[in-house]
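Close look at the chain arrangement
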Amino acid sequence: RAAAAGAPAAVEEAGCSHLHHGPGSTCSLEVGHRPPSRVRSMTHDMEHSAAAARLHDGGIQTITLRTSKPLDLEKFKSFMDRLLWDREAHPEDIYRVKGLLQLEGEDKKAVVQAVYELYNITHTCAWAPGEARSSTVVVIGRHLKQALLETWFNECVAA
């Protein structure tokens, strides 16, 4: 179900309620309900989604943002707000955002998903012992400005 303009809508998914966000709502980090094997395959899935998007329409672009440094959750939410809702700062048409996040002070991975102006951030499974921690975010849309998005994303790194 889509949220009304500016209001979050609860979506029932396998007995769990996830909050999807639109302009003017707040984002809370929720416990995820995604099997660990699915989380591990997300990066692979994101790469295939990005490749498929490039094949369908020459005007659709894909940008992958990466960092090995932990992200500050509040800064990342500000990045998502600006990316999806601030049309004056940038005229991009954002279709999808998918990512696996390493958040400062968190022992669990987090997943971000967005469709147009709605997004959510969800906790998933714990990082495996010895697993390289990093954040990868894939942005799919039109008229994307890679340098600007990279600058905004890098501003999310925890101090």
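Residues numbered from 1 in each chain as written. Predicted model: local features only at pLDDT ≥ 70, side-chain atom pairs only at ≥ 80, totals over all residues. Heavy atoms only, no water.

This next bit is on helix H3 (residues 73–85). In a regular helix each residue adds 1.5 Å, so 13 residues correspond to 18 Å; H3 covers 18 Å between its end C-alpha atoms and thus fits that length. When we look at burial in H3, the residues that qualify are Phe 76, Lys 77, Phe 79, Met 80, Leu 83 and Leu 84. Looking down the long axis of H3, one finds its buried residues gathered within 155° of arc, a one-sided arrangement. In this structure, the buried side of H3 is in contact with strand S4 (61–67), strand S5 (93–101), strand S6 (108–115), strand S7 (118–126), strand S8 (135–142) and helix H4 (146–154). For H3, the N-terminal cap is Asp 72; the gap from its side-chain oxygen to the backbone nitrogen of Glu 74 is 3.0 Å. (Helix = DSSP H or I, 4+ residues; strand = E, 2+ residues; numbered from the N terminus. Expected span 1.5 Å × (residues − 1). Buried < 20%, exposed > 50% of the residue type's maximum accessible area, 1.4 Å probe, protein only. Arc of directions from axis to C-beta. Contact = heavy atoms within 4.5 Å. Polar contact = N/O pair within 3.5 Å; in protein donor to acceptor, adjacent residues only side chain to side chain.)

Moving on: the environment of Lys 75. Tracing the backbone shows Lys 75 in helix H3. Expressed as a C-alpha distance, the spacing of Lys 75 and Val 157, which sit 82 residues apart in the sequence, is 7.8 Å. For Lys 75, the contacting residues outside a window of four places in its chain are Glu 155, Cys 156, Val 157 and Ala 159.

Another point: the confidence of the model for the protein. Here the protein averages 74 in pLDDT, and 61% of its residues register 70 or above. Confidence over residues 1–43 falls short of pLDDT 50; this stretch has 82 contacts with residues more than four positions distant or in other chains. (pLDDT = per-residue confidence, 0-100.)

Next up on the list: the pattern of salt bridges. If you walk through the whole model with that rule in mind, you get three salt bridges. Salt-bridge contacts for Arg 82 lead to Glu 155; the nearest nitrogen and oxygen are separated by 3.1 Å. Taken as a pair, Arg 82 in helix H3 and Glu 155 in the segment after H4 lie far apart in primary sequence, 73 residues in all. You can call Arg 82 partly exposed: its relative accessible area is 28%. Two residues, Lys 109 and Glu 131, come together in a salt bridge whose shortest N-O distance is 2.9 Å. Here Lys 109 is found in strand S6, whereas its partner Glu 131 is found in the loop between S7 and S8, with 22 residues between them in sequence. (Salt bridge = Lys/Arg side-chain N within 4 Å of Asp/Glu carboxyl O.)

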